[in-house]
Amino acid sequence: MKTPKRLEPLIEEGLIDSVICQLMSGKEAMIYLVSCGDAVRCAKVYKESNKRNFQQRANYTEGRKVKNSRRARAIEKGSRYGRIASEEAWQSTEIDMLCRLGIAGVRVPKFYSFFSGVLLMELITDSEGNVAPRLSDLILTPKQARTYHKTLIDQIVKMLCAGIVHGDLSQYNVLVSNQGPVIIDLPQAVNAADNHQARLMIKRDIDNLTAYFGRFAPELAQSDYATEIWSFYQRGKLPQAQLTGNVKQQDRPVNVGNILQIIDTVIKKEAAWQRHKQTKWGNPLSQC
């Protein structure tokens, strides 16, 4: 195929030899298969900001630190330079996450290089050496659904132990390789300790996967791993936690008498305060 313009600099630099084909087009980027010597890899070409379809981006950039103060001010002001810097920061986040998560033992594609707005990374393949399918493209047996669900819950826990929440995880952002699920698409990932939306994001991630796997193994739809995982994380007990997916609800009966007593006390205090004002200042309306 004809070499896309965005990939020409990588050929000129010797990072890739040729472009084999376009693999897919997502809301964030175009993915190409490229040859690098004897290897076949993925080239992720990020779309320009006005051509992307990622909603509420500000929620994901909260808490991200920009070391260069000039760049940070420019990003905050939204100047032309700031918009360029913001794009670079968005893309570099994915590189950082791939490296950090790879070290933490999370199943993500291996990072090779980043040049001229293009991310070069590992091609994930299935048991026959073909391009691995997305989880959403598969019809699973109940056993496969339970196995993949457990694997991904374990991966989410590992991510959180590394301080990271994916933030956009679903069956569309998981590839199924010959060794099981692999998590992809990480430019929106957030640092759990620095983003106030992290708890809601991880719940949405887990709920997305639970709903999907629940189609094949209905009992999974009744689980609540999100609440359980976040509770252990907040208490610093996550790495050693034994997850069950069950959260005990506090179903204690309401003490109506106690509530009525509190209300009565408040009413009496207010009445006493009004009498006090009348005694001290009189009726202000009568003085007009």
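Preceding this section is the structure that the text describes.
Residues numbered from 1 in each chain as written. Predicted model: local features only at pLDDT ≥ 70, side-chain atom pairs only at ≥ 80, totals over all residues. Heavy atoms only, no water.

Caption draft 1: Layout of the pairing of strand 4 (residues 111-115). Pairing geometry for strand 4 and strand 5 (residues 118-122), over 4 bridges, is antiparallel. Bridge pairing links Phe 114 to Leu 119 in strand 5. Linking two consecutive strands that pair antiparallel, namely strand 4 and strand 5, is a turn of 2 residues; a positive phi of about 55° is found at Ser 116 within it. (Pairing = 2+ DSSP bridges. Helix = DSSP H or I, 4+ residues; strand = E, 2+ residues; numbered from the N terminus.)

Caption draft 2: Focus on the packing of helix 6 (residues 198-213) against helix 7 (residues 225-234). At a minimum axis distance of 9 Å, the contact between helix 6 and helix 7 shows a crossing angle of 145°. Seen along the crossing, helix 6 lies across helix 7 with a hand that is right-handed. In this structure, helix 6 uses Ala 198, Arg 199, Ile 202, Lys 203 and Ile 206 to contact helix 7, whose residues at the interface are Tyr 225, Ala 226, Ile 229 and Trp 230. When grouped by side-chain class, the residues that make up the contact of helix 6 with helix 7 number 7 nonpolar, no polar and 2 charged. (Axes fitted to C-alpha atoms, helices over the stretch in contact; angles between N-to-C directions. Left-handed = near helix turned anticlockwise from the far one by under 90°. Contact = heavy atoms within 4.5 Å. Nonpolar A, V, L, I, M, F, W, Y, C, P; charged D, E, K, R; others polar.)

Caption draft 3: Just unusual backbone geometry, in detail. Backbone geometry places Ser 116, a non-glycine residue, at a positive phi of 55°. By the element assignment, Ser 116 lies in the loop between strand 4 and strand 5. Its relative accessible area of 42% is what places Ser 116 among the partly exposed residues. Not every positive phi belongs to a glycine, and Asp 185 is a case in point at roughly 60°. Structurally, Asp 185 can be placed in the loop between strand 8 (180-183) and strand 9 (190-191). (Buried < 20%, exposed > 50% of the residue type's maximum accessible area, 1.4 Å probe, protein only.)

Caption draft 4: Region of the structure containing the sheet that holds strand 5. Across the sheet, which stays open at both edges, the 5 strands sit in the order 1-2-3-5-4 with antiparallel pairing between neighbours. The open sheet has two edge strands, strand 1 (18-25) and strand 4, and neither has a second partner. In this sheet, neighbouring strand axes are inclined to one another by 25° on average, regardless of whether the strands run parallel or antiparallel. Both strand 1 and strand 2 (residues 29-36) contribute to a ladder of 6 bridges, which runs antiparallel. Note on strand 2: the bridge partner recorded for Ser 18 is Ser 35.

Caption draft 5: Seen up close, the pattern of salt bridges. A full pass over the atoms with the stated rule returns 6 salt bridges. For Arg 146, the salt bridge is made with Glu 219, and the minimal N-O distance between the two is 2.5 Å. Remark: Glu 219 occurs in the loop between helix 6 and helix 7 and Arg 146 occurs in helix 5 (residues 142-161); sequence separation between them is 73 residues. On the basis of relative accessibility, which here comes to 41%, the residue Glu 219 falls in the partly exposed class. By sharing partners, the salt bridges in this structure join Lys 44, Glu 94 and Asp 185 into a single network. (Salt bridge = Lys/Arg side-chain N within 4 Å of Asp/Glu carboxyl O.)

These values are about where atoms sit, not about what they do.
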